[in-house]
Structure formats: structure tokens, C-alpha cells
Amino acid sequence: MDMKIGKTLGIGATLVIVVIFAFVGAIFYDVVSYTAIGSETLHPNGTEVGKALVVYDPGISGAARNAAGTISGDLQAKGYTVDLAGIRSSKAANISGYNVIVVGGPIYAGNASTSVQAYLKTLNPAQGTKVGVFATGQNPDTANDTVLLMKEAAPIPDNSTLQINAVVKVYGTDDNQKLANFVNTLLQ
Ligand SMILES: Cc1cc2nc3c(=O)[nH]c(=O)nc-3n(C[C@H](O)[C@H](O)[C@H](O)COP(=O)(O)O)c2cc1C
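The rules we used
Residues numbered from 1 in each chain as written. Predicted model: local features only at pLDDT ≥ 70, side-chain atom pairs only at ≥ 80, totals over all residues. Heavy atoms only, no water. Buried < 20%, exposed > 50% of the residue type's maximum accessible area, 1.4 Å probe, protein only. Helix = DSSP H or I, 4+ residues; strand = E, 2+ residues; numbered from the N terminus. Arc of directions from axis to C-beta. Contact = heavy atoms within 4.5 Å. Polar contact = N/O pair within 3.5 Å; in protein donor to acceptor, adjacent residues only side chain to side chain. Core = buried A, V, L, I, M, F, W, Y, C linked by side-chain atoms within 4.5 Å. Expected span 1.5 Å × (residues − 1). Patch = residues over 30% accessible without salt bridge, like charges linked within 9 Å, V, L, I, M, F, W, Y side chains within 5 Å. Areas by Shrake-Rupley, 256 points an atom, 1.4 Å probe, with all protein chains shown as cover. Salt bridge = Lys/Arg side-chain N within 4 Å of Asp/Glu carboxyl O. Near = heavy atom within 4 Å. Nonpolar A, V, L, I, M, F, W, Y, C, P; charged D, E, K, R; others polar.

Tell me what's going on with helix α5 (residues 146-153), and back it up with residues and numbers.
Residues of α5 that are buried: Leu149, Glu152 and Ala153. Viewed end-on, α5 has its buried residues packed into an arc of 80°, placing them on one side of the element. Seen from the buried face of α5, the exposed residues on the opposite side, beyond 90 degrees, are Val147 and Lys151. The secondary structure elements touched by the buried residues of α5 are β4 (100-108), β5 (111-112), α4 (114-122), β6 (130-136) and β7 (166-170). Sitting at the amino-terminal end of α5 is Asp145, which places a side-chain oxygen 3.1 Å from the backbone nitrogen of Val147.

What follows is the structure, given as C-alpha cells:
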């Protein structure tokens, strides 16, 4: 009888450990980003004023995908043709021809997800392109401090010449207004 309880506990503990490792591994290797291979194009109602690319790492909950959708809707309403693209999609890989490029995803342990970090590292847009970075998270501490927020959400190598025009982190219920302000700053 005791052996049976011990065996059951052992199997349970092993399962818990396996699940924890799988979860941590999934976040560390940004496994969910590999599902972000799709894209869609949103057309403005009136005359097109420019082209925008909005790239997202969806995160586990899809919160970052939702933020990307809101940003895309705002850009569309301002007259942009928007390619809303998963970070592993072919659209995300070809950045030529855009006036505006936005990229973002979740924050894990104080850092942008690894796919967003990698994307920013190689991002080399044509001169004059407006670049924005967004992040989703649960910790509001950095949200109103631009310097901290840049470090957390939009880390770029020291020798990078990339200019970032706007950065935002959303975590609460004021998301839509905050994202609308971000788009306004970006287009200034
Ligand atoms: C392991 C882990 C670490 C996280 N670390 C942070 C953090 O440092 N700062 C923060 O604001 N949010 C943090 N979050 C919250 C996520 O950024 C938040 O859930 C995100 O907006 C959506 O990501 P998700 O869709 O992958 O859950 C963390 C979440 C997880 C699971």
C-alpha cells in the first residue's frame, strides 16, 4: 500500500517537473512565435496615405496579437494599407516598401520575447521609415518610464543605428487609448 502511494507521488512529482520545464522551455525558446506564420492585409476606406507593416509575436495568451490588431485598425483608419503579419511570416521578413513598421510581443522576465529581440537586431529600414515597438505585460512599473521601457521592450545593440519613433507597453484596460496615442506619436 505504502509503495503504491509512493509510486503515485513519484509519478505526480515527475509530471509537475516535466510541465514546469516544458513551460520555461517554451518561453525561453519562444516556441509560440513559430506558429505566427500567417498575415493579412487591411485596406483603408479612402485614399491610401502610405503602407504599414505590423509584426507580432502572439505570446501564449494572444494578448500581443490583439494589441497588434488594434494598432493595425488605428493605422487603417488613418489611411494606411496595413500588413498585419506574424513574426515568422514571409511578409515580416520582407520590410521593403513600408512607410511605417511596428513590431512587438510579450515581455518575459523583464525582456522582450526572443523573436522580437532578434527581429529588432536585424531590422534595417530605409531612411525615413517610422518604427514603433509595442509590448504586452503584467507589470506596469516600466510603462511610464521611456528609458526603462525602451530597454525592456525595444532592446537594440549598442552599435545599432535603428531609430525608434514610439514605444508602448500595455497591461491593463486602458489598452485601446494607449495604443491610439502610440500610433499618433509614431506618425508625428
Ligand atoms: C514566465 C513569465 C514571465 C513574465 N515576466 C513578465 C515581466 O517581467 N514583466 C511583465 O510586465 N510581464 C511579464 N509576464 C507577463 C506577460 O508579459 C503577459 O502575460 C503578456 O502580456 C502576454 O504574454 P502571454 O500571452 O505569453 O501570456 C510574464 C509572463 C510569464 C509567463
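Following the structure, the description resumes.
Hey, could you go over the nonpolar core for me, with residue numbers and the actual values?
Membership of the largest hydrophobic core comes to 46 residues, with the highest contact counts inside it found for Val54, Ile71, Leu75, Val102, Tyr119, Leu120 and Phe134. With sequence-adjacent residues up to four places away left out, Ile71 is seen in contact with Val54, Val102, Phe134, Leu179, Phe182 and Val183.

Tell me about the environment of Ile107, residues and numbers included.
Checked against the element boundaries, Ile107 lands in strand β4. Other than its neighbours up to four places away in sequence, Ile107 contacts Ala112, Ala135, Thr136, Glu152, Ala153 and Lys169.

Can you explain helix α2 (residues 63-77)? Please cite residues and give values.
For α2, built from 15 residues, the straight-helix expectation of 21 Å at 1.5 Å per residue is met to within 8% by its first-to-last C-alpha distance of 21 Å. Every buried residue of α2 is accounted for by Ala64, Ala67, Ala68, Ile71, Ser72 and Leu75. Buried residues of α2 fall within an arc of 140° about the axis and therefore sit on the same side. Within α2, the exposed residues directed more than 90 degrees away from the buried face are Asn66 and Ala77. Positioned one or two residues after α2, Gly79 has a phi angle of 100°, which is positive.

Would you mind going over a nonpolar patch on the surface in detail, with residue names and values included?
Residues Val16, Ile20, Phe23, Val24 and Ile60 make up a contiguous nonpolar surface patch of about 480 Å² in total accessible area. In this fold, Val16 is placed in helix α1 (residues 2-28). Assessed through its relative accessible area of 47%, Val16 is described here as partly exposed.

Go over the site of the ligand with me, naming the residues and quoting the values.
Every one of the 16 residues lining the ligand counts as a neighbour, but Ile60, Ser61, Ile107, Tyr108 and Gly110 are closest to it. Notes on the ligand: free accessible area 610 Å², of which the protein chains cover 77%. Sorting the residues of the shell around the ligand by element identifies α1 and β4 as the ones contributing at least two each. The element that contributes the greatest number of residues to the shell around the ligand is β4, accounting for three residues. Of the residues belonging to the shell around the ligand, the class tally is seven nonpolar, eight polar and one charged.

Would you mind going over unusual backbone geometry in detail, with residue names and values included?
Non-glycine residue Ala109 carries a positive phi angle of around 50°. Tracing the backbone through its elements, the reader meets Ala109 in the loop between β4 and β5.

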